[in-house]
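Letter by letter, the chains look like this.
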Number of protein chains: 2
Amino acid sequence: MQQYNDKKFVKSALKVLRSAGHRITRPRRLVLEALGSREAPMSPYDLQKLLQEGDEHLDVVTIYRVLELLQELNLVHKVLSVGGYVRCRLEDGNGCHGYLVCRSCGRLQEFSDESLCRKEDELAARLGFHAEHHLSEFSGLCAGCQV
Amino acid sequence: MQQYNDKKFVKSALKVLRSAGHRITRPRRLVLEALGSREAPMSPYDLQKLLQEGDEHLDVVTIYRVLELLQELNLVHKVLSVGGYVRCRLEDGNGCHGYLVCRSCGRLQEFSDESLCRKEDELAARLGFHAEHHLSEFSGLCAGCQV
DNA sequence: CTTTCTGCAAAAGGTTTGCAGTTAG
DNA sequence: CTAACTGCAAACCTTTTGCAGAAAG
């Protein structure tokens, strides 16, 4: 397959799959490779099309099921503001994961910031709310797309 | 119609509609009343069902179109994490609007916090990103649902 | 009256489910 | 070999589009 890079992601993801008792299959490997090759979120149909270009056919139903599994294992995230999936790029840290989505090139940058989480919890608490999870997705321009 | 309260919201929303050059119609009034009566986000189909209970029938297509318009006018927000719409409860302030969604009762509380926005911008800037909009939706337990 | 808006029909998308056959280990 | 997984067909749900008729102002 062409420019599917980031072997490291695929390799470690496969290990996670294995050790969680799941099988290594062609569809799972292909979806991981496709996700590893792109920085912008992709929908199940995007993934299917991308794979098709490499002459690899997967049923979109299979892609849905693979993504569901990968999400459970925290290997990929669903990005609500753009309706697509990206591979997780953070070593499991502390706070919730947030996303910066470039409105120009579509590229996504993931972050995790404990102090932001703390501030969010405090803000919620001030309103009588006990926050358990923070969804943070910011849109704007990435470094490369600013003039 | 039964418990559709918060007349104030409906009244001022109708005024906004009017002054933006839109007509006051039965569907628009009904959707506003329904949204005004609930604190949890509702989908177009939820709204249709709720209205049906009051023996008011609206085509779901109409509801979609009304919601689209109300969203443009910033009278309602779409909450991505739960896939529904809520009426806006904030006087137009400064920062982006965020949401606290109770995972137990579904109720939503809206907030706008300038210092959170500032922190979010700074965090993004540190990553070379120029943030223009912040999506913040936190889930947890509201005051009433904590033990 | 005229333009905007709604309802209906239908299409277009996206997502889920069931089941028979395939494949990983 | 056997349990887990995939592909296909079909159902289901959500959202969009086009158009003729209704209604707001």
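**Structural notes on helix 4 (residues 60–72) of chain B**
Residues that lie three or four places apart on an α-helix share one face, since the helix turns once every 3.6 residues.
All names here are of chain B.
Moving on, step 1. With 13 residues, helix 4 ought to run about 18 Å at 1.5 Å a step, and its terminal C-alpha atoms sit 18 Å apart, in line with that.
Moving on, step 2. If you check which residues of helix 4 are buried, you get Val 60, Ile 63, Val 66, Leu 67, Leu 69 and Leu 70.
Moving on, step 3. Looking at the packing, one finds that the buried side of helix 4 touches helix 1 (7–19), helix 2 (26–36), helix 3 (44–53), strand 1 (76–79) and strand 2 (84–87).
Moving on, step 4. By the N-cap criterion, in which a side-chain oxygen at the helix start approaches the backbone nitrogen of a residue two or three places on, helix 4 is capped by Asp 59, the distance to Val 61 being 2.8 Å.
Moving on, step 5. Remark: Asn 74 follows helix 4 within two positions and exhibits a positive phi of approximately 60°.

**Let's talk about the pairing of strand 5 (residues 130–141) of chain B**
Moving on, step 1. Relative to strand 5 of chain B, strand 5 (residues 130–141) of chain A is paired through 11 bridges, and the arrangement is antiparallel. Along strand 5 of chain B, the bridge assignment pairs His134(A) with Phe138(B).
Moving on, step 2. Here 4 bridges tie strand 3 (residues 97–102) of chain B to strand 5 of chain B, and the two strands are oriented parallel to one another. Paired with Cys102(B) across the strands is Gly140(B), a residue of strand 5 of chain B.

**Quick word on the relation of the copies chain B and chain A**
Moving on, step 1. With an RMSD of 0.1 Å, chain B superimposes on chain A once it is rotated by 180° and translated 0.0 Å along the axis. Between the two chains, the operation in question is that of a two-fold axis. Judged by C-alpha distance, Ser136(B) is the residue of chain B that lies nearest the rotation axis, at 2.4 Å.
Moving on, step 2. A shared binding surface is used by both copies, with 100% of the interface residues of chain B retained as interface residues in chain A.

**Quick word on empty space enclosed by the protein**
Residue and element names in this part refer to chain B.
Moving on, step 1. Following the criterion strictly, the structure yields 3 cavities of 30 Å³ or more and no others.
Moving on, step 2. Taken together, Cys 96, His 97, Gly 98, Phe 111, Ser 112, Asp 113, Leu 116, Cys 117, Glu 120, His 134 and Ser 136 form the lining of the largest cavity.
Moving on, step 3. Within the residue set of the lining of the largest cavity, elements represented by two or more residues are strand 3, strand 4 (108–112), helix 5 (114–126) and strand 5.
Moving on, step 4. A per-element tally of the lining of the largest cavity places helix 5 first, with 3 residues.

**Let's talk about the domain arrangement of chain A**
All names here are of chain A.
Moving on, step 1. Here chain A is described as being made up of domain 1 (7–87) and domain 2 (96–140).
Moving on, step 2. Placing the centre of domain 1 and that of domain 2 at their C-alpha centroids yields a distance of 24 Å.
Moving on, step 3. Of the residues lining the interface, 11 residues belong to domain 1; the matching set on domain 2 comes to 9 residues.
Moving on, step 4. Carbon and sulfur atoms supply 59% of the area that domain 1 and domain 2 bury against each other, a total of about 740 Å² over both sides.
Moving on, step 5. Area buried by domain 1 at its contact with domain 2 is led by Glu 39, His 77 and Val 79, which between them contribute 50% of it.
Moving on, step 6. Applying the counting rule to domain 1 against domain 2 returns 1 salt bridge.
Moving on, step 7. For Glu 39, the salt bridge is made with Arg 107, and the minimal N-O distance between the two is 3.6 Å.
Moving on, step 8. On the surface where domain 1 and domain 2 come into contact, there are 6 residue pairs in polar contact (both at pLDDT 80 or more).
Moving on, step 9. Breaking the side of domain 1 that touches domain 2 down by element, the ones donating at least two residues are strand 1 (76–79) and strand 2 (84–87).
Moving on, step 10. Counting residues per element, the side of domain 1 that touches domain 2 draws most heavily on strand 1, which supplies 3 residues.
Moving on, step 11. Taken together, the residues of the side of domain 1 that touches domain 2 break down into 6 nonpolar, 2 polar and 3 charged.

**Here's the deal with the interface of chain B and chain A**
Moving on, step 1. Tallying the contact residues gives 34 residues for chain B and 34 residues for chain A.
Moving on, step 2. For the pair chain B and chain A, the two sides together bury roughly 2,900 Å², of which 62% comes from carbon and sulfur.
Moving on, step 3. Joining chain B to chain A, the criterion identifies 4 salt bridges.
Moving on, step 4. Measuring nitrogen to oxygen at the nearest pair gives 2.7 Å for the salt bridge that ties Arg103(A) to Glu132(B).
Moving on, step 5. Summed over the shared surface of chain B and chain A, the number is 16 residue pairs in polar contact (both at pLDDT 80 or more).
Moving on, step 6. Sorting the residues of the side of chain B that touches chain A by element identifies strand 3, strand 4, helix 5 and strand 5 of chain B as the ones contributing at least two each.
Moving on, step 7. For the side of chain B that touches chain A, the element with the most residues is strand 5 of chain B, which contributes 12 residues.
Moving on, step 8. When the residues that make up the side of chain B that touches chain A are grouped by side-chain class, the tally is 16 nonpolar, 11 polar and 7 charged.

Thresholds, definitions, all that
The residue count restarts for each chain, going from 1 along the sequence in the order it is written. Lettering for chains starts from A, numbering for ligands starts from 1, and both go in the order in which the items are written. Per-residue local features of the predicted model are confined to residues with pLDDT of at least 70, and side-chain atom pairs are confined, for both listing and counting, to 80 or more; whole-chain, interface and lining totals are unaffected and use all residues. In computing side-chain values, all of the structure's heavy atoms are included and hydrogens and water are not. Runs of H or I in DSSP of at least four residues are treated as helices and runs of E of at least two as strands, each being numbered from the N terminus. In this analysis, the expected span of each helix is defined as 1.5 Å times one less than the number of residues it contains. Type-normalised accessible area, obtained with a 1.4 Å probe on protein chains alone, sets the label of each residue: buried when under 20%, exposed when over 50%, and partly exposed for intermediate values. Throughout, a residue-residue contact means that at least one pair of heavy atoms, one from each residue, lies within 4.5 Å. We call two N or O atoms a polar contact when they sit within 3.5 Å, provided that within protein one can donate a hydrogen and the other can accept it, with sequence-adjacent residues counted only if both atoms are side-chain atoms. When DSSP locates at least two bridges between a pair of strands, those strands are taken to pair. A least-squares fit on C-alpha atoms brings the copies together, and the residues used are those whose pLDDT is at least 70 in both copies. Points on a 1 Å grid over protein atoms alone make up a cavity when a 1.4 Å probe fits among them but cannot get out, and a pocket when they form an open set with protein on both sides within 12 Å along at least five of seven lines; lining residues each have an atom within 4 Å of a point. Grid points are joined across faces, edges and corners, and a volume is the space filled by probe spheres set on the points. Residue ranges labeled as domains rest on an automatic or database domain assignment. Two parts placed together each lose some accessible area under a 1.4 Å probe, and the buried area is that loss summed for both. Any carboxyl oxygen of Asp or Glu that lies within 4 Å of a side-chain nitrogen of Lys or Arg is treated as forming a salt bridge with it. Each residue gets one of three labels, nonpolar for Ala, Val, Leu, Ile, Met, Phe, Trp, Tyr, Cys and Pro, charged for Asp, Glu, Lys and Arg, and polar for the others, Gly among them.

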